[in-house]
Amino acid sequence: MAVDRVAFFGLSRIALCVVPAIVACASPSAWAQDYADSSGKSLIATADLRLVAADGERSWIDGGFGKSRFGPDAPLPANRLRIDPRAIEGDLAWTPQLGWSLGAMLAVTAQDGQEHPVDLSEAYLTWLRGPHGNLKLSGRAGLFWPPVSLEHSGATWAVTETITPSAINSWIGEEVKVGGAEATASTAIAHHGRVYATLGLFGFNDTAGTLLAFRGWALSDLKATAFGQVPLPPRAGFLQFAQAGTTRPVIELDNRPGYYARFGWTPEPAIRLHAFYYDNRGNPEASTAGGQWGWRTRFTELGGTAALGATRITAQAMAGRTGMGFPMAGGIWVDTRFRSAYALLTQTIGKGSLSGRIEAFGTRSEGSVSGPEDSEDGWAATLAARRSFGEHVTLLAEALHVDSDRDARARTALTPQQDQNVLQLSLRLHN
C-alpha cells in the first residue's frame, strides 16, 4: 500500500504543477467533447449486467494467453459454451464546473476482474477557452487516457456501438493511461474545414508494453485503474523470476517524462481524420524491488471516421515497438514490434444500430531472452447490435470470434493455434 500512496501523491504533484501552466499558456479543442459526458449531467452513474458464453482457452485475466476477457477455467468439450450471468461494471463520474472555463472529472469504477473492489478510473482538471477568431483552445491535467480511441466516449469512457473494443483500443484501455497534461489548439481553414493539434507531456506510464510483449494482443473491455494490477502469463527463461507475475499500468519508475502528439483534420463535419504519435521515453533498465520494469514504448496510430447518412465507417491502424531489460547477446532482454488494424461499419436503425468489425493483429519478438516463440499473428471478427429503450436503458448483443497463433502457449501445454467464440448480452443502465 506504500506504493499506492507514492503514486497518488505523485499524480497530485503533477496536476498541481501543470494546471497553472496550462491556464496561463492556454489550452481544448474541437476534441473538448471527449473531456466530458455529452449528456450535460454533472453526476453520471452507470451499470453493466451481462450474460456471457465463452469457449476456448483460459482468459488472460486469469493468467492465461486467452485473447478475450472471458474463458473457461478448464477446457470445455467440443461445441460447448458455458453461460454465466455477471455484474460486469459499475461507474460513477462527477464532472463539476469549477468556473467560467475551468472544470473537472473524477471517475471511480468497480469492474469484474479488477484487483480492488473500487478504484480510481480518471481524475483531471479541464480548461476550455471559447473561440478567439478562428482559434479554439483547451487542455486537461491529471490522470486520463490519451486521445487515441475512436470507440470509447463519455465520462465513463465506455464503448458505444459494440461491447468489446478492437485490439488497438483494448490495449489503450489496459495499459496506456497517463498522469500528465495535454493542450489542444484548433483553427478553421477557409474551404478546408478545421485542423487540430494536441501535445501531451506525461509520466506514470512506464510499464506500457508489458502485456503486449508477454501476453500479446487481446480484445477486452477491462480498463486500467490508478492502483490496480493485472496478471501476466508464464514468461520465458529467467524473466519468470525477474518480472513480477503482475503488471501495474499506472506507475512512475524513471522520472523521465514521455510525450505524445496528435494532429487532426476535419474537412467537413461528417469526416474526421487524425494521426497520433506516442513515446513514453521509458528507461528499459529501471525496475522496482517487486519486479515492475520500465519499458521503452513508441507507436504511431492513424484513424478516422466517415458518416454517410445513417452509415458510419471507423478505422484505425497502429504500429510500434516496446522493450525492456539490459543488453545481452546482442540485444535487450525483450524487444517486441507490434501492429494492428481494424475497420468498423455501423448502420443506425431507428433507436439502435448494427455493427460489424474485422481486424488483424500481430507481434514480432526479437529479444535476447524473449524470442520468436513470443511472436504472434491473429485476426478477429465482431458482430454487434444496440438498442436504446428510453433515456436510461441500453441493450447490446455481440458475437466475437478470435483466431491467433502464438508458440508461447506451449508453456501451458496448449497448441500454438487457438480460436475462441464469445457471445454476450449486455444490459446497460444509466441515469
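Read on for an overview of the structure. (Residues numbered from 1 in each chain as written. Predicted model: local features only at pLDDT ≥ 70, side-chain atom pairs only at ≥ 80, totals over all residues. Heavy atoms only, no water.)

Within the chain one finds four helices and 20 strands. Across the 431 residues that make up the chain, the buried fraction comes to 53%. For the chain, the accessible surface area stands at approximately 17,600 Å², while carbon and sulfur atoms represent 64% of it. (Helix = DSSP H or I, 4+ residues; strand = E, 2+ residues; numbered from the N terminus. Buried < 20%, exposed > 50% of the residue type's maximum accessible area, 1.4 Å probe, protein only. Areas by Shrake-Rupley, 256 points an atom, 1.4 Å probe, with all protein chains shown as cover.)

Our next topic: the pattern of salt bridges. The final tally for this structure, using the stated rule, is 24 salt bridges. As a salt-bridge pair, Asp374 and Arg406 come within 3.5 Å of each other at their nearest N and O atoms. On the criterion of sequence distance, the pair formed by Asp374 in the loop between strand E17 (352-365) and strand E18 (376-389) and Arg406 in strand E19 (residues 393-406) is long-range, its members being 32 residues apart. Given a relative accessible area of 2%, Asp374 falls into the buried group. Classification of Arg406 as buried rests on a relative accessible area of 0%. One network of salt bridges, with partners in common, ties together Lys67, Glu373, Asp374, Glu376, Arg406 and Arg411. (Salt bridge = Lys/Arg side-chain N within 4 Å of Asp/Glu carboxyl O.)

This paragraph deals with the packing of aromatic side chains. Counted under the stated rule, the structure contains 17 aromatic pairs. Look at Phe214 and Trp295: their rings are 5.6 Å apart centre to centre, the planes differ by 85°, and that puts the pair in the edge-to-face class. Note that Phe214 is positioned in helix H3 (residues 210-214) and Trp295 in the loop between strand E13 (271-279) and strand E14 (296-308), a separation of 81 residues in sequence. Each member of the pair, Phe214 as well as Trp295, carries the same accessibility label: buried. Judged by centre distance (6.0 Å) and plane angle (70°), the rings of Trp217 and Phe338 are edge-to-face. Here Trp217 is found in the loop between H3 and strand E10 (230-231), whereas its partner Phe338 is found in strand E16 (residues 331-349), with 121 residues between them in sequence. (Phe/Tyr/Trp six-rings, centres within 6.5 Å; stacked < 30°, edge-to-face > 60°.)

Attention now goes to the nonpolar core. With 38 residues, the main nonpolar core has Trp171, Ile172, Trp217, Tyr278, Phe299 and Met318 as its most contacted residues. Going through the elements one at a time, strand E1 (43-54), strand E2 (82-94), strand E3 (102-111), helix H2 (167-175), E13, E16 and E19 are the ones with two or more residues in this core. Looking at this core element by element, the count peaks at four residues for H2. Core analysis: the second largest hydrophobic core is formed by 16 residues, Ile61, Leu211, Leu232 and Val334 among them. (Core = buried A, V, L, I, M, F, W, Y, C linked by side-chain atoms within 4.5 Å.)

Topologically, Asp254 is positioned in the loop between strand E11 (246-247) and strand E12 (258-268). Nearest to the buried, unbridged Asp254 among oppositely charged side chains is Arg256, at 4.3 Å. Side-chain polar atoms of Asp254 contact the backbone nitrogen of Arg256, separated by 3.0 Å. (Lys, Arg positive; Asp, Glu negative; His and termini not counted. Polar contact = N/O pair within 3.5 Å; in protein donor to acceptor, adjacent residues only side chain to side chain.)

Here Arg281, not a glycine, exhibits a phi torsion of approximately 50°, which is positive. Inspection of the secondary structure assignment puts Arg281 in the loop between E13 and E14. The class for Arg281 is partly exposed, based on a relative accessible area of 31%.

Inspection of the secondary structure assignment puts Arg337 in strand E16. Once the C-alpha coordinates of Arg337 and Thr297 are considered, the two residues, 40 residues apart in sequence, prove to be 9.7 Å apart. Aside from chain neighbours lying at most four places away, what touches Arg337 is Gly320, Arg321, Gly362, Thr363, Arg364 and Glu366. Only 3.5 Å separates the side chain of Arg337 from the side chain of Glu366, close enough to count as a polar contact. (Contact = heavy atoms within 4.5 Å.)

A few words on the environment of Thr314. Within the secondary structure, Thr314 is located in strand E15 (residues 311-328). Among the residues examined, Thr314 registers a relative accessible area of 5% and is labelled buried. It is 8.3 Å that separates the C-alpha atoms of Thr314 and Tyr342, two residues lying 28 residues apart in sequence. In this structure Thr314 touches Leu150, Gly304, Thr305, Tyr342, Ala343 and Leu344, once residues within four positions along its chain are discounted.

As a further point, take the side chain of Gln420. Here Gln420 is to be found in strand E20 (residues 417-430). Judged by relative accessible area, Gln420 falls into the buried class, the value being 4%.

Right, let's talk about empty space enclosed by the protein for a bit. Leftover empty space is mapped by rolling, across the atoms, a probe with the size of a water molecule. The computed volume of the largest cavity comes to approximately 110 Å³. In this structure, the largest cavity is lined by 16 residues; those nearest its centre are Leu222, Lys223, Ala224, Thr225 and Val230. Partitioned by chemical class, the residues of the lining of the largest cavity number six nonpolar, seven polar and three charged. Here the second largest cavity is characterised by a volume of approximately 60 Å³. (1 Å grid on protein atoms, 1.4 Å probe; cavity = no way out; pocket = protein on both sides within 12 Å on 5 of 7 lines; lining within 4 Å. Points joined across faces, edges and corners; volume = space filled by probe spheres on them. Nonpolar A, V, L, I, M, F, W, Y, C, P; charged D, E, K, R; others polar.)

Bringing H2 into the picture now. Counting buried residues along H2, nine of its nine residues qualify, which places the element largely inside the surrounding structure. Among the residues making up H2, those that are buried are Ala167, Ile168, Asn169, Ser170, Trp171, Ile172, Gly173, Glu174 and Glu175.

For the rest of this paragraph, the subject is the pairing of E17. Relative to E17, E16 runs antiparallel, the two sharing 14 bridges. Residue Thr346 lies in a different strand from E17, and its bridge partner there is Ser355. The antiparallel pairing of E16 with E17 creates a hairpin that spans two residues between the two strands, and Gly350 there sits at a positive phi of about 60°. Relative to E18, E17 is paired through twelve bridges, and the arrangement is antiparallel. Within E18, the residue paired with Arg357 across the bridge is Thr382. (Pairing = 2+ DSSP bridges.)

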